[in-house]
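Each chain, letter by letter, is given below.
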Amino acid sequence: MIGGLFIYNHKGEVLISRVYRDDIGRNAVDAFRVNVIHARQQVRSPVTNIARTSFFHVKRSNIWLAAVTKQNVNAAMVFEFLYKMCDVMTAYFGKISEENIKNNFVLIYELLDEILDFGYPQNSETGALKTFITQQGIKGQHQTKEEQSQITSQVTGQIGWRREGIKYRRNELFLDVLESVNLLMSPQGQVLSAHVSGRVVMKSYLSGMPECKFGMNDKIVIDKQGKGGTTDDAGKSSGKQSIAIDDCTFHQCVRLSKFDSERSISFIPPDGEYELMRYRTTKDIILPFRVIPLVREVGRTKLEVKVVIKSNFKPSLLAQKIEVRIPTPLNTSGVQVICMKGKAKYKASENAIVWKIKRMAGMKESQISAEIELLPTNDKKKWARPPISMNFEVPFAPSGLKVRYLKVFESKLNYSDHDVIKWVRYIGRSGIYETRC
Amino acid sequence: MPAVSKGDGMRGLAVFISDIRNCKSKEAEIKRINKELANIRSKFKGDKALDGYSKKKYVCKLLFIFLLGHDIDFGHMEAVNLLSSNKPAGGYLFISVLVNSNSELIRLINNAIKNDLSSRNPTFMCLALHCIANVGSREMAEAFASEIPRILVAGDTMDSVKQSAALCLLRLYKTSPDLVLMGEWTSRVVHLLNDQHMGVVTAAISLITCLSQKNPDEFKTCVSLAVSRLSRIVSSASTDLQDYTYYFVPAPWLSCKLLRLLQCYPPPEDGAVKGRLVECLETILNKAQEPPKSKKVQHSNAKNAILFEAISLIIHYDSEPNLLVRACNQLGQFLQHRETNLRYLALESMCTLASSEFSHEAVKTHIETVINALKTERDVSVRQRAADLLYAMCDRSNAKQIVAEMLSYLETADYSIREEMVLKVAILAEKYAVDYSWYVDTILNLIRIAGDYVSEEVWYRVIQIVINRDDVQGYAAKTVFEALQAPACHENMVKVGGYILGEFGNLIAGDPRSSPLVQFNLLHSKFHLCSVPTRALLLSAYIKFINLFPETKATIQEVLRCDSQIRNSDVELQQRAVEYLKLSSIASTDVLATVLEEMPPFPERESSILAKLKKKKGPGTVSVTDLEDSKREGGELNGGGERGPDTAAMASSNASTPSPSADLLGIRSAAPVGAAPASAGSLLVDVFSEAGPAAPSAAVNDDGFLRDLEQPTETCDSLLVEGSGDSE
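Reading the values: rules and limits
- Residues numbered from 1 in each chain as written.
- Chains lettered and ligands numbered in written order.
- Predicted model: local features only at pLDDT ≥ 70, side-chain atom pairs only at ≥ 80, totals over all residues.
- Heavy atoms only, no water.
- Helix = DSSP H or I, 4+ residues; strand = E, 2+ residues; numbered from the N terminus.
- Buried < 20%, exposed > 50% of the residue type's maximum accessible area, 1.4 Å probe, protein only.
- Contact = heavy atoms within 4.5 Å.
- Areas by Shrake-Rupley, 256 points an atom, 1.4 Å probe, with all protein chains shown as cover.
- Pairing = 2+ DSSP bridges.
- Axes fitted to C-alpha atoms, helices over the stretch in contact; angles between N-to-C directions.
- 1 Å grid on protein atoms, 1.4 Å probe; cavity = no way out; pocket = protein on both sides within 12 Å on 5 of 7 lines; lining within 4 Å.
- Points joined across faces, edges and corners; volume = space filled by probe spheres on them.
- Core = buried A, V, L, I, M, F, W, Y, C linked by side-chain atoms within 4.5 Å.
- Buried area = accessible area lost by both parts, 1.4 Å probe.
- Salt bridge = Lys/Arg side-chain N within 4 Å of Asp/Glu carboxyl O.
- Polar contact = N/O pair within 3.5 Å; in protein donor to acceptor, adjacent residues only side chain to side chain.
- Nonpolar A, V, L, I, M, F, W, Y, C, P; charged D, E, K, R; others polar.
- Phe/Tyr/Trp six-rings, centres within 6.5 Å; stacked < 30°, edge-to-face > 60°.
- Lys NZ or Arg CZ within 6 Å of the ring centre and 35° of its normal.
- pLDDT = per-residue confidence, 0-100.
- Parallel < 35°, antiparallel > 145°, perpendicular 65-115°, else oblique.
- Left-handed = near helix turned anticlockwise from the far one by under 90°.
- Expected span 1.5 Å × (residues − 1).

K.L.:
Go over the overall build of chain A, please, and point to the residues and values.
P.N.:
Across its full length, chain A holds nine helices and 23 strands. Going through the 437 residues of chain A one by one, you find that 45% of them count as buried. Here the contacts in chain A between residues at least 6 apart in sequence split such that 71% fall between residues at least 24 apart.

Right, dumping it as structure tokens:
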């Protein structure tokens, strides 16, 4: 179990230090600073073992969060907890920064007392936490005994993530499908590896204790239905649209037993914003952009680079925030760039040409060409040619995921599925989207 | 970095450095550096001519970036260009730090250096010399090895340049000694010891020390010069050497270096020189007694540095009893000093003093202090030294006390030094054992206290000694039997017990409390907790029991017959069980008695433990025993003749006389004359000389020890082969 939790700033000064178990001493704080934050070589592994003590760290901008333990804990659990901790802090005071942490340190200690007990993670649902950990004054004066006992029964009860008696005039529901697509492509255009990791994020403002059911074009579900319908055609046509999900995880509100038996996702949603599920797909990914690089070395002191990008989606859709990053050799002494669309600039501090395009419709192509002057060096090392990377945002899900339905049932209150206003949005972003050159 | 000051300031550089220092994160720093590198690359592109100032600025920036740990693969050319400007410091700095063996550049650099060396500007000459010394490559040595000695001895060279030249030459000599040939310069270099300028002398003496270590004969003349220089420094008042007085100590570094140089040579033969030197050493020892002139730690550090260097010179000469004893007394005072470092150094120096016959007795007077240090010292390295010293000062008169102290310390000793301690105890116990029952007790205690650290060699040795000396066999059997009574025994104890009871169990079988069956049951109760080799040994002990005590035959056969023996998954154990069982049931008592006869005495050999201790110390470090050996050899070569009759007399008299040198001399007299050259490895040869004359093969080589190690188990095997042959 987690023995302690420390938060450091970029200099390695301790901002928050909470020790849960006796086996973690004060020197653990310094060990992490010396061996990880101030390490001569950059530490890339998120788990570091120092003197039989394990340090699990995540970094948010300039802030290091480190969980420390001497036991053999489930690393995935610890990281899940750290991410949750970040979410909770963000929900309470916004961006995680040194200043915010310093301003809210009392709150953070309070939160740490609540969500970790003797190193065991407890209820870390923001909605539930906000009912009894607040930033304004001492709550006891405002809360009646009744309210307090209600909180206790909720937090310790079966549905710890939602309290009873919530009422909204308008029952609304927002559903975002957020995906990030990762790609590594060879210079010839062969896909070396590609996968999409996606999240379904919901914001629900519903009254009472509604029961929701979420349906998407999961291949297993569609195939099952297709067989039920007995017509071959239906199976085929639906097979094209369905997607194979490699693995997925759910928010704690989803009834896993029901998912295991019927593969249907039913749940009583928390109030407010939460992440319903996470998933990953690797097959039949729609690659929104294709990058075609062309690098020519002209003698020892010159390099000609030409990069073409092609958008590969419906012409009616618009991709945004497109950025192509073309690495330049380490001995670059000057760059001339010509591009037809957008703006391109040589950024010496990053050793790359950065080409930005604001918007681009589907089925279009654009081109950039650059002349790079090199300084002759006496180093025989050849340039490693790092891959060209790309960033973008498209309004569809590259995995092909579609939301088929999201039904809301509330038996006690008198509103039906039709009365709920539902919003669905798809956003596909680039993860590590690289093409070798 | 070159100081950013006055007119020499480079504002761009200062801004860049402060930018880097203000970076919030590593990433930001890398970004800033990349930007700067791109800027410098575009400036160095070649088509534009840069003025000297900006070239220097950019070269310095590159150097700074390199020192931050980033790769720099350009700018060398610009740095070389800077060399020929009128301010070459930046260029030299860059090249010293960053040059790689790139042939074309080296040629250019060499050219520039050559120009600077032949210029009469001392600043430029020094810069060039520093650059050569910093790079120190073979190419540079080839180009300048002949040039530098001339600069060094030329009459018109500035003092500062001379210093640099001497150190530069030293560096070149260390990297490529074949290229630096002193030849004709030798005497003039030696005469640098007479130089007016103390700095030159200090620099030159480093060079001379290094050179004279390689070819002492050529530099022999330096001894008298060094002695006179030393006596001038030592006798000078602290105010005489204005710049070279450090916290009231005149020229401490130079004094140390002089004393170290003298350690390369034997004592001077010229009486006058020797007298002068002894006078110096006495003065140094006297000064140590004077009250300190300053309370500052630097003052005492400098003073003590000279003192310790002087003491090691005294030890090196090993010919002035008076000085040796005085040194020992001085060190004795340091043993209780509150500075840990001083205590450490005192213990270390005493170790070498202890091996000198003149001061051995003087060292011994400090035994209580050293034992106390071993017990109470907080620093493990100091405790280690204390243990070393105890080992070195041990002789027949105090062996019992020292071994007892070391044994009691062993219980709380640090793990890192335990094995060494165990070996030392084992060696001392063996070396100075007058009474072998004491030896057996000690070793069994050793196994009890630190069983894990007792190596194979130690228990082999006990068995060899017990077998070779029939007067301790009964005692050993009794002691082992008692030791095995303990509920938890170390495996090594079981091994020794099994072997000794198997051989000499009959000697104690008369007592009903240790009747054969009791002995057997005792051994067998440990059997299941032991590893395979020990079990094999125990099985051999059992078959010997059958021979010794026929009444145990049925019990033992039953044990051998049970599945866990006869069907053991280990081939060795199974084979032994099967063969011993057959042997015991088929062979007649006569045959058994012949086959399982008592082990014959082992041939006298050098203790393998000593070899192990030497190996553990490693070849690099000069161990105490090595020192002893070399001392003894040296003694034989130098003054052995005149002490000859004396030693013979000592050796013939009872060896237990508490004379400090009795033991060392005893060894010397016992070692065969022919084996003297090989005696480096055979310190313990004479331990058994009382039992029987040392065999001519006593001077064994290393392989001999190795064979020796295998002895006990090997004989078991040969016995086994015989046995099975018989039963066929």
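K.L.:
Residue-level account of the overall build of chain B, with values.
P.N.:
Of regular secondary structure, chain B possesses 38 helices and two strands. Taking all 728 residues of chain B together, the buried fraction comes to 53%. The contacts in chain B between residues at least 6 apart in sequence include a share of 70% that link residues at least 24 apart. Here chain B displays about 32,800 Å² of accessible surface, and carbon together with sulfur accounts for 52% of that area.

K.L.:
Any details on the sheet that holds strand β3 (residues 47–50) of chain A? Residues and values, ideally.
P.N.:
What holds strands together in a sheet is hydrogen bonding between their backbones, with the strands either parallel or antiparallel. All names here are of chain A. Reading across the sheet, the five strands line up as β2-β1-β5-β4-β3 and stay open at both edges, with antiparallel pairing between neighbours. What marks the edges here is a single partner per strand, and that holds for β2 (14–19) and β3. Each adjacent strand pair in this sheet contributes to an overall mean axis angle of 20°, direction not counted. Where strand β4 (residues 53–60) lies against strand β5 (residues 63–69), seven bridges are found, and the strand directions are antiparallel. Within the sheet, the bridge partner assigned to His 57 lies in β5 and is Ala 66. Where helix α2 (residues 75–93) meets the sheet, it contacts β1 (4–8), β3, β4 and β5, and its direction lies at approximately 35° from that of β4.

K.L.:
Explain the pairing of β4(A) to me, using residue names and the numbers behind them.
P.N.:
Residue and element names in this part refer to chain A. Burial runs high along β4: six of the eight residues are buried. Pairing between β3 and β4: four bridges, direction antiparallel. For Ile 50, the partnering residue across the bridge sits in β4 and is Thr 53. Counting the residues that bridge the hairpin from β3 to β4 gives two residues, and of these Ala 51 lies at a positive phi of roughly 50°. Connecting β4 to the next strand, β5, in antiparallel fashion are two residues, including Ser 61 with a positive phi near 45°.

K.L.:
Account for the layout of surface pockets, naming residues and giving values.
P.N.:
Its volume calculated, the largest pocket comes out at about 1,100 Å³. Lining the largest pocket are 32 residues, with Glu80(A), Lys84(A), Asp87(A), Glu275(A) and Arg278(A) positioned closest to its centre. If you list the elements that add at least two residues to the lining of the largest pocket, you get α2, α5 (126–132), β8 (172–185), β9 (191–205), β11 (247–250) and β13 (272–281) of chain A. The dominant element in the lining of the largest pocket, judged by the number of residues it contributes, is α2(A), at nine residues. Approximately 980 Å³ is the volume attributed to the second largest pocket. In this structure, the second largest pocket is lined by 37 residues; those nearest its centre are Leu330(A), Asn331(A), Lys381(A), Trp383(A) and Asp73(B).

K.L.:
Explain the nonpolar core to me, using residue names and the numbers behind them.
P.N.:
Membership of the largest hydrophobic core comes to 222 residues, with the highest contact counts inside it found for Ile113(B) and Leu446(B). Contacts of Ile113(B), omitting those with residues within four sequence positions, involve Tyr92(B), Ala128(B), Cys131(B), Ile132(B), Met140(B) and Phe144(B). Core analysis: the next-biggest nonpolar cluster, separate from the first, contains 34 residues, Ile309(A), Val324(A), Leu374(A) and Tyr433(A) among them.

K.L.:
Just give me the short version of the interface of chain B and chain A, but keep the residues and values in it.
P.N.:
Every contact between the two is made by 18 residues of chain B and, on the other side, 19 residues of chain A. Between chain B and chain A the total buried area reaches about 1,500 Å² when both faces are included, carbon and sulfur atoms providing 47% of it. Inspection of the chain B/chain A interface yields one salt bridge. Between Glu350(A) and Lys31(B) there is a salt bridge; the shortest N-O distance is 4.0 Å. In this assembly, chain B and chain A are joined by four residue pairs in polar contact (both at pLDDT 80 or more). With eight residues, helix α2 (residues 26–43) of chain B is the single largest residue contributor to the side of chain B that touches chain A. Along the lines of polarity and charge, the residues of the side of chain B that touches chain A split into five nonpolar, five polar and eight charged.

K.L.:
So, the sheet that holds strand β22 (residues 403–409) of chain A: which residues are in play, and what are the values?
P.N.:
Residue and element names in this part refer to chain A. Judged by pairing direction, the sheet is antiparallel, and its three strands sit side by side in the order β12-β10-β22 without closing on themselves. Looking at which strands have only one partner, the edges of the open sheet turn out to be β12 (265–267) and β22. Strand-to-strand twist across the sheet, computed as the mean angle between neighbouring axes with direction ignored, equals 15°. Summarising the sheet, strand β10 (residues 211–216) and β22 pair through six bridges and their orientation is antiparallel. Considered in β22, the bridge of Glu 211 is made with Phe 409.

K.L.:
Talk me through the environment of Ser333(A); I want residue IDs and the actual numbers.
P.N.:
Assignment of secondary structure puts Ser333(A) in strand β17 (residues 332–339). Considering only alpha carbons, one finds Ser333(A) and Lys302(A), 31 residues apart in sequence, at a separation of 9.8 Å. Leaving out residues up to four positions away in the same chain, Ser333(A) has contacts with Glu373(A), Leu374(A), Leu375(A), Arg41(B), Ser42(B) and Lys45(B).

K.L.:
Go over the packing of aromatic side chains, please, and point to the residues and values.
P.N.:
For any two aromatic rings, the description comes down to two numbers: the centre-to-centre distance and the angle of the planes. Residues and elements named next belong to chain A. Overall, the coordinates contain 25 aromatic pairs over all chains when judged by the stated rule. Judged by centre distance (5.7 Å) and plane angle (75°), the rings of Phe 56 and Phe 79 are edge-to-face. One end of the pair, Phe 56, is in strand β4; the other, Phe 79, is in helix α2, and 23 residues separate them in sequence. Note on Phe 250 and Phe 259: the rings are 4.7 Å apart at their centroids and 65° apart in plane angle, and the pair reads as edge-to-face. Judged by its relative accessible area of 10%, Phe 259 falls in the buried class. The rings of Phe 6, Tyr 8, Phe 32, Phe 55 and Trp 64 are connected pair by pair, giving a single aromatic cluster. Residue placement shows Arg 18 over the ring face of Tyr 20; its charged tip is 4.6 Å from the ring centre. Over the face of the ring belonging to Tyr 92 we find Lys 130, whose NZ or CZ atom lies 5.6 Å from the ring centre.

K.L.:
Tell me about the confidence of the model for chain B, and please be specific about residues and values.
P.N.:
All names here are of chain B. Across chain B, the average pLDDT comes to 75, with 81% of residues at 70 or higher. Contacts from residues 1–7, a stretch scored under 50 in pLDDT, to residues over four places away or in other chains number ten contacts. Note on residues 619–728: pLDDT under 50 across the span, and 123 contacts to partners over four residues away in sequence or across chains. Both confidence scores are given for the complex: pTM 0.62, ipTM 0.70.

K.L.:
Talk me through the packing of helix α1 (residues 11–21) of chain B against α2(B); I want residue IDs and the actual numbers.
P.N.:
All names here are of chain B. In contact at an axis separation of 9 Å, α1 and α2 are set at 155° when each is read in the N-to-C sense. Taken as axis vectors, α1 and α2 run roughly antiparallel relative to one another. You can see that α1 and α2 cross each other, and the crossing is right-handed. Facing Phe 16, Asp 19 and Ile 20 of α1, the residues of α2 in contact are Glu 29, Arg 32, Ile 33 and Glu 36.

K.L.:
So, the pattern of salt bridges: which residues are in play, and what are the values?
P.N.:
Here the structure, examined in full by the defined rule, presents 35 salt bridges over all chains. Between Asp218(A) and Arg263(A) there is a salt bridge; the shortest N-O distance is 2.6 Å. With Asp218(A) in the loop between β10 and α7 (219–229) and Arg263(A) in the loop between α9 (256–262) and β12, the pair connects residues that are 45 residues apart, well separated along the chain. As a salt-bridge pair, Glu36(B) and Arg32(B) come within 3.1 Å of each other at their nearest N and O atoms. Residue Glu36(B) and its partner Arg32(B) are located together in helix α2, separated by four residues, close to a single helical turn.

K.L.:
Give me unusual backbone geometry: which residues, what numbers.
P.N.:
A positive phi is found at Arg385(A), a non-glycine position, where the angle reads about 50°. Position of Arg385(A) relative to the elements: it lies in the loop between β20 (365–374) and β21 (388–394). Assessed through its relative accessible area of 26%, Arg385(A) is described here as partly exposed. For Ala251(B), which is not glycine, the phi dihedral falls at a positive 40°. Residue class for Ala251(B) comes out buried when judged on its relative accessible area of 4%.

K.L.:
So what about helix α7 (residues 122–135) of chain B? Which residues, and what values?
P.N.:
Residues and elements named next belong to chain B. Given a rise of 1.5 Å per residue, 14 residues ought to cover 20 Å, and the 20 Å separating the end C-alpha atoms of α7 matches this to within 8%. Buried within α7 are the following residues: Phe 124, Met 125, Cys 126, Ala 128, Leu 129, Cys 131, Ile 132, Ala 133 and Val 135. Sitting at the head of α7, Asn 121 places a side-chain oxygen 2.9 Å from the backbone nitrogen of Thr 123. Where α7 terminates, the next one or two residues include Gly 136, which has phi positive at roughly 60°.

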